[in-house]
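Chain by chain, the residues:
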Amino acid sequence: MSTDDEIAALTARLRRLETAEAARALTAKYALALDRKDFDALADLFTGDAVLRAGPKTCEGREAVMAFFRHALEVADPSAKKHFVVNQRVTHTAPGEVRVDSYFLYTAVGPASVLGWGTYADVVGVDDDGRARFREKSIAVDVAADVREGWATSPL
């Protein structure tokens, strides 16, 4: 391999690593924006044509995605929450695009004290400036149990 080929290979590897790291950072920003109920910051994490799948619901476009989150966090369950994203697996799907599969855990304090967990499956695009945004986000909640009752009978 020539020096030019080696430099090109190293440059491609570096871009893949930077793309993966930008996607991981995006998931951390997402969790923080949810916890703070910072809808402006949350909206900025999605592309204009983003698709969100949450259970049986599918939302297309940033406005529909944000309407979903506003309802979920302010109306359906306005409790204070903390989200934790773990076990991230990043797979490169195209230049500037990765799939991030991860588990999430969350706590909620309000009328109930909830401990829950599930999975995220995300498609993240990263532009030439290193800016990452969700193109697709799928949320599957496996368990959401009131800790006073426990989760032993919750389906997994």
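Residues numbered from 1 in each chain as written. Predicted model: local features only at pLDDT ≥ 70, side-chain atom pairs only at ≥ 80, totals over all residues. Heavy atoms only, no water.

Visitor: Talk me through the pairing of strand E5 (residues 113-126); I want residue IDs and the actual numbers.
Guide: Judged by how many residues are buried, E5 sits mostly within the fold: ten of 14 residues are covered. For E5 and strand E6 (residues 132-146), the ladder comprises 13 bridges, and the chain directions are antiparallel. Among the inter-strand pairings, Val124 is bridged to a residue of E6, identified as Phe134. Linkage of E5 to E6, two consecutive antiparallel strands, is achieved through a turn of five residues, within which Gly130 is found at a positive phi near 85°. (Buried < 20%, exposed > 50% of the residue type's maximum accessible area, 1.4 Å probe, protein only. Helix = DSSP H or I, 4+ residues; strand = E, 2+ residues; numbered from the N terminus. Pairing = 2+ DSSP bridges.)

Visitor: Account for helix H1 (residues 3-36), naming residues and giving values.
Guide: With 34 residues, H1 should cover 50 Å at 1.5 Å per step; its first-to-last C-alpha distance of 49 Å lies within 8% of that length. Among the residues of H1, Thr19, Ala20, Ala22, Ala23, Leu26, Thr27, Tyr30, Ala31, Ala33, Leu34 and Asp35 are the ones counted as buried. Following H1 by one or two positions, Lys37 has its phi on the positive side, about 55°. (Expected span 1.5 Å × (residues − 1).)

Visitor: Let's hear about the packing of aromatic side chains: which residues, and what values?
Guide: For the structure shown, the criterion picks out eight aromatic pairs. With a centroid separation of 6.0 Å and an interplanar angle of 70°, the aromatic rings of Tyr30 and Phe69 are classed as edge-to-face. Highlighted residues: Tyr30 in helix H1 and Phe69 in helix H3 (residues 62-76), separated in sequence by 39 residues. Comparing Tyr30 with Phe69 shows no difference in burial state: the two are buried. Pairwise contacts between aromatic rings join Tyr30, Phe46, Phe68, Phe69, Phe104, Tyr106, Tyr120 and Phe134 into one cluster. (Phe/Tyr/Trp six-rings, centres within 6.5 Å; stacked < 30°, edge-to-face > 60°.)

Visitor: Mind laying out unusual backbone geometry, listing which residues take part and the relevant values?
Guide: The phi angle at Lys37 is positive, at roughly 55°, despite the residue not being glycine. When you line up the elements, Lys37 lands in the loop between H1 and helix H2 (39-43). Phi is positive for Asn87, close to 50°, though the residue is something other than glycine. If you trace the backbone, Asn87 turns up in strand E3 (residues 80-94).

Visitor: Lay out the sheet that holds E3 in plain terms, naming residues and giving numbers.
Guide: Sheet architecture is open: six strands sit in the order E2-E1-E6-E5-E4-E3, paired in mixed fashion. Both outer strands of the open sheet, strand E2 (57-60) and E3, are each paired with one neighbouring strand and no more. In this sheet, adjacent strand axes meet at a mean angle of 15° when their direction is disregarded. Sheet strands in contact with H3 are strand E1 (46-54), E2, E3 and E6, and its direction is about 50° off that of E1. (Axes fitted to C-alpha atoms, helices over the stretch in contact; angles between N-to-C directions. Contact = heavy atoms within 4.5 Å.)

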